[in-house]
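Report on the structure
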Amino acid sequence: QVQLVESGGGSVQPGGSLRLSCAASTSVFSIYTMGWYRQAPGKQRELVATITGGGRTNYADSVKGRFTISRDNAKNTAYLQMNRLKPEDTAVYYCNAVRELTAVTYWGQGTQVTVSS
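Okay, so let's go over this structure.

Rules behind the numbers
Residues numbered from 1 in each chain as written. Predicted model: local features only at pLDDT ≥ 70, side-chain atom pairs only at ≥ 80, totals over all residues. Heavy atoms only, no water. Helix = DSSP H or I, 4+ residues; strand = E, 2+ residues; numbered from the N terminus. Contact = heavy atoms within 4.5 Å. Pairing = 2+ DSSP bridges. Axes fitted to C-alpha atoms, helices over the stretch in contact; angles between N-to-C directions.

What follows deals with the side chain of Asn96. Summarising the element assignment, Asn96 is placed in strand S9 (residues 91–99). When residues no more than four places from it in sequence are discounted, the contact partners of Asn96 are Leu4, Thr33, Met34, Gly35, Tyr37, Thr105, Tyr106 and Trp107.

Now for the sheet that holds strand S3 (residues 18–24). Spatial ordering of the open sheet is given by S1-S3-S8-S7, a layout of 4 strands whose pairing is antiparallel. Either end of the sheet is taken by a strand with one partner, and the two such strands are strand S1 (4–7) and strand S7 (67–72). On average, each strand axis in the sheet is inclined to that of its neighbour by 15°, with strand direction left out of account. Where S7 lies against strand S8 (residues 77–82), 6 bridges are found, and the strand directions are antiparallel. Residue pairing for S8: Thr68 is matched across the bridge by Gln81.

Written as structure tokens, this is what we have:
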């Protein structure tokens, strides 16, 4: 069982920035593909970005050029740097870990991001 703990959410004005962190309780962090998803009120959960253990990234079109996913395998932590935030980025952001080969999946508890003037 892997525990994922997100932090860094909050409220920010449009155009602002936030950095989310996701700390994983595993000694084999590098074999997990890490991802960030979000769910706005009344909407389905959607992919924001993913990063493999080797650093290959993938982004939703809506965040390309504004968000950056990264990871520090030595610290068992994944990050999501969010710049030029828009009101439509408002959502609960969830960290996700998918183990290679087995595809066993874990989710964090979520952290609220609110973008409003």
